[in-house]
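Structure assessment
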Amino acid sequence: MSDAEGVKPRHFVDLADFSTGEIESLVAGAKALKARRVKGNLGDYLPLLGKKIALIFQQPSLRTRMSFDVGINELGAHVLIVSGDEIELGHRESIADTARVMSRYVDAIMIRMLSHHELLEMAQYATVPVINGLTKKSHPCQVLADIQTFEERLGSIRGRTIAWTGDSNNVLASWVHAAARLDVKLKIATPEQLSPPAALLDWARAEGAELKLTNDPYEAVDGADCVITDSWVSMGDGDREYRHNLLRPFQVDQRLMDAANKGAIFMHCLPAKRGEEVAAEVIDGPQSAVWDEAENRLHAQKSVLVWALTDTK
Ligand code: CP
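Now for a description of the structure that goes with this document. (Residues numbered from 1 in each chain as written. Predicted model: local features only at pLDDT ≥ 70, side-chain atom pairs only at ≥ 80, totals over all residues. Heavy atoms only, no water.)

**So, the nonpolar core**
- In this structure, Phe 12, Ile 53, Leu 144, Ile 147, Ile 162, Trp 175 and Leu 186 are the most contacted members of the largest nonpolar core, which totals 58 residues.
- Top contributing element to this core by residue count: helix 6 (residues 170-182), with 9 residues.
- The contact partners of Phe 12, leaving out residues within four places of it in the chain, are Phe 18, Leu 26, Val 130, Ile 131, Asn 132, Pro 140, Cys 141, Leu 144, Val 304 and Trp 307.
- Of all hydrophobic cores here, the second largest spans 18 residues; its members include Ala 189, Val 227, Leu 256 and Ala 264. (Core = buried A, V, L, I, M, F, W, Y, C linked by side-chain atoms within 4.5 Å. Buried < 20%, exposed > 50% of the residue type's maximum accessible area, 1.4 Å probe, protein only. Helix = DSSP H or I, 4+ residues; strand = E, 2+ residues; numbered from the N terminus. Contact = heavy atoms within 4.5 Å.)

Encoded structure:
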């Protein structure tokens, strides 16, 4: 809880806000927390003992909700979970007033909401850390977990090639942010009508990211160590039939995986639709890293919370 004026809270809004070293440090923290959990000595390390952390969900969630809840408990803190509807977020009072009030009760706020603008408003007025648990624009917790997953399977991500095929969505945006910071070559195949936003690409190129854009998934996966896709219809998307028709050629099947590097892995943030963006033979096959990705949300988010709430002086 905070009534402090002038002390900047450690928000986790976008990977673009972090340096290479800071992202590497968050991933290293996630790996260390995972190793500690595997050993089973969680009770020896309760860095957030006595803290209170609120989770606000304006959109549905399985992974984000459960992994934050479990992670917060494992770090010794107390969790409060509310839906956006329960507090009529943005309607009953302003986002700014919600942020000011919550900052007097809790030590950090994780929020999932479609509006990135409103999340930024929450961060502007909160005097405690605000963590982005997915907006329409980005999903940094997911990509932090993805980087951890890649490195566990294939070693350092620096200098490696990642392929994205399918829709251009919030997870891809966070991958673009990561590519700008981590010396990752990102090859993106989307239908022309669903290209990533020009402003995002301009930002990434100005920051030195190595991006390749194509409308051909085979071109994208050529030389790739990892192939990633996501649902054809993300939260807040309409035009279901239109998107399905456009995205059908971008499905990840075994033939596409075979066109990537030998030993390449497959990642998907989940939830997945077998037979749509990914064939069952891939997501349930030996190259799939999706269950590790889901688990690593827990460790990556614990690392973010420890960073946000300890050693901040
Ligand atoms: N990948 C992800 O964020 O999953 P949930 O929507 O279930 O939280």
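**Description of the sheet that holds strand 4 (residues 130-132)**
- The strand order 2-1-3-4 describes an open sheet built from 4 strands, whose pairing is parallel. Since the sheet does not close on itself, it has two edges, and those belong to strand 2 (78-83) and strand 4, each with one partner. Each adjacent strand pair in this sheet contributes to an overall mean axis angle of 20°, direction not counted. (Pairing = 2+ DSSP bridges. Axes fitted to C-alpha atoms, helices over the stretch in contact; angles between N-to-C directions.)

**Let's talk about the site of the ligand**
- Taken together, Ser 61, Leu 62, Arg 63, Thr 64, Arg 112, His 139, Gln 142, Met 235, Cys 269, Leu 270 and Arg 297 are the residues near the ligand.
- One nitrogen or oxygen atom from the side chain of Thr 64 is found 2.7 Å from an oxygen atom belonging to the ligand.
- Here a nitrogen atom of the ligand and a side-chain polar atom of Gln 142 are 3.1 Å apart.
- Judged by the proximity of its atoms to the pocket grid, the ligand belongs to the largest pocket.
- Here the shell around the ligand is built from residues that sort into 4 nonpolar, 4 polar and 3 charged. (Near = heavy atom within 4 Å. Polar contact = N/O pair within 3.5 Å; in protein donor to acceptor, adjacent residues only side chain to side chain. 1 Å grid on protein atoms, 1.4 Å probe; cavity = no way out; pocket = protein on both sides within 12 Å on 5 of 7 lines; lining within 4 Å. Sits in = over half its atoms within 2 Å of the grid points. Nonpolar A, V, L, I, M, F, W, Y, C, P; charged D, E, K, R; others polar.)

**Let's talk about the environment of Ala 189**
- Relative to the helices and strands, Ala 189 is located in strand 6 (residues 185-189).
- Filtering out sequence-adjacent residues up to four positions away, Ala 189 remains in contact with Trp 164, Thr 165, Gly 166, Thr 214, Asp 216, Pro 217, Ala 220 and Phe 250.

**Some details on helix 3 (residues 95-105)**
- Looking only at helix 3, the buried set comprises Ile 95, Ala 96, Thr 98, Ala 99, Met 102 and Ser 103. What you see down the axis of helix 3 is that its buried residues fit within an arc of 160°, all on one side. With respect to the buried face of helix 3, the exposed residues turned more than 90 degrees away are Arg 104 and Tyr 105.
- Against the buried residues of helix 3 lie strand 1 (52-57), strand 3 (108-112) and helix 4 (116-125). (Arc of directions from axis to C-beta.)

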